[in-house]
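# Summary of the model geometry
Spelled out from the first residue to the last, the chains are:
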Amino acid sequence: MVATSEKVNLTGFDLKAYLTQKQQLVEVALNNALPMQYPETVFESMRYSLLAGGKRLRPILCLATAELVGATLDQAMPTACALEMIHTMSLIHDDLPSMDNDDFRRGNPTNHKVYGDAVAILAGDGLLAYSFEYVARETRNVPIDRILEVISRLGRAMGDLVSGQVVDIESEGNPNIPIETLTFIHNHKTSALLEAAVLTGAIVGGANEVDRSKLLRYAKNIGLAFQIVDDILDITATSEELGKSAGKDLTAEKATYPKLWGLDESRRQAQALVHQAKAEVSGFGEKALPLMAIADYITARKN
Ligand code: GRG
């Protein structure tokens, strides 16, 4: 039987309250995860970007999936924090003059604008290394083989980010890159970590193969929808709304989905992907409400 998202009623689910509560837990956990220490310069720089807000989508996806498959928040929190460390690291490096050369991120001056390129590069490296250490050291009451699998999955996602970024850089200034290349870039740059967020949550909770497959398909669909919406927002939102420079894709002559399909078709495609994502997890019933609501949030978000 084909699952449809209509079977689960989302009406009573307060996504705003859910996200706020989970964001608060993540903020506290991240703050505790990375205390100030010597050498202060690099730890201050790491904390500057790690604690600068952001939607915390990746840790929340991890926590929501872990709870769906029966794990506790405590069991999944170190992995959730590691995901945000990796994400933050990728933003710091992405903003560097040798990459996207951005001045603002999350409403603040970018890391290298405050600390200089050398410290920003090292802060990124530090966050990356610390993410592995943190999962290995701080995860409690999770069988060791699952922790090992989480670490391996995080490593693969990092490799994917690198591949996506390289192809993105190589494609700059060529607005006519084939759809296959555009898809490769986004599957690796954006979807990979969102997929890892869902999958590591499932791994921590010991999900079986069938459930993992459903959750992975959910993640792939929201991953692509997320990128399409990102491309749309780059055109339609202001820099204030985004907390970073709007219109960068046009200036850098980047290939984007709106350029390929137009804005209306891009919105339709994102909606269809979200619909499909919700259908993939609807078989979990009420337990899937957070993941389904998060899927809707992907297209409704304003930044
Ligand atoms: C991981 C070794 C290693 C290297 C990183 C720089 C790089 C290689 C990759 C770039 C990855 C990148 C910046 C992808 C963009 C992903 C994206 C759409 C980010 C925006 O995510 P949001 O909207 O941001 O969730 P907030 O600020 O809300 O967290």
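A brief structural summary.

Procedures and definitions
- Residues numbered from 1 in each chain as written.
- Predicted model: local features only at pLDDT ≥ 70, side-chain atom pairs only at ≥ 80, totals over all residues.
- Heavy atoms only, no water.
- Near = heavy atom within 4 Å.
- Polar contact = N/O pair within 3.5 Å; in protein donor to acceptor, adjacent residues only side chain to side chain.
- Areas by Shrake-Rupley, 256 points an atom, 1.4 Å probe, with all protein chains shown as cover.
- Helix = DSSP H or I, 4+ residues; strand = E, 2+ residues; numbered from the N terminus.
- Expected span 1.5 Å × (residues − 1).
- Buried < 20%, exposed > 50% of the residue type's maximum accessible area, 1.4 Å probe, protein only.
- Contact = heavy atoms within 4.5 Å.
- Phe/Tyr/Trp six-rings, centres within 6.5 Å; stacked < 30°, edge-to-face > 60°.
- Lys NZ or Arg CZ within 6 Å of the ring centre and 35° of its normal.

So, about the site of the ligand. Taken together, 19 residues are adjacent to the ligand, and Lys55, Arg58, His87, Arg106 and Gln165 come closest. Here an oxygen atom of the ligand sits 2.6 Å away from a polar atom, N or O, in the side chain of Lys55. At 2.8 Å, a side-chain N or O of His87 approaches an oxygen atom of the ligand. Computed on the free molecule, the ligand has an accessible area of 760 Å², of which 90% lies beneath the protein chains in the complex.

What follows deals with helix H7 (residues 144–171). Compared with the 40 Å implied by 1.5 Å per residue over 28 residues, the 41 Å span of H7 between its first and last C-alpha is a close match. Along H7, the residues classified as buried are Ile147, Val150, Arg153, Leu154, Ala157, Met158, Leu161, Gly164, Gln165, Val167, Asp168 and Ser171. Packing partners of the buried residues in H7 comprise helix H4 (73–94), helix H6 (117–138) and helix H8 (179–204). Backbone geometry just downstream of H7 places Gly173 in the positive-phi region, at approximately 80°.

Bringing helix H13 (residues 263–281) into the picture now. Spanning 19 residues, H13 covers 28 Å between terminal C-alpha atoms, matching the ideal 27 Å at 1.5 Å per step. Of all the residues in H13, the buried ones are Ser266, Ala270, Leu273, Val274, Ala277, Lys278, Ala279, Glu280 and Val281. Packing partners of the buried residues in H13 comprise helix H9 (209–236), helix H12 (257–261) and helix H14 (289–300).

Counting across every chain of the model gives four aromatic pairs. Ring centres of Tyr48 and Tyr115 lie 5.5 Å apart, and the angle between their planes is 70°; on these two criteria the pair is classed as edge-to-face. Residue Tyr48 is found in helix H2 (residues 40–50), and its partner Tyr115 is found in helix H5 (residues 111–115); the two are separated by 67 residues along the sequence. Where Tyr257 meets Trp261, the ring centres are 5.0 Å apart and the plane angle is 35°; that geometry is what we call tilted. With a gap of four residues between them, Tyr257 and Trp261 both fall in helix H12, about one helical turn apart. Overall, Tyr257 belongs to the buried group, its relative accessible area being 1%. One residue, Arg58, lies across the ring of Phe226, its end atom 5.7 Å from the ring centre. Looking at Arg301, its charged tip hangs above the ring of Phe226, at a distance of 3.8 Å from the centre.

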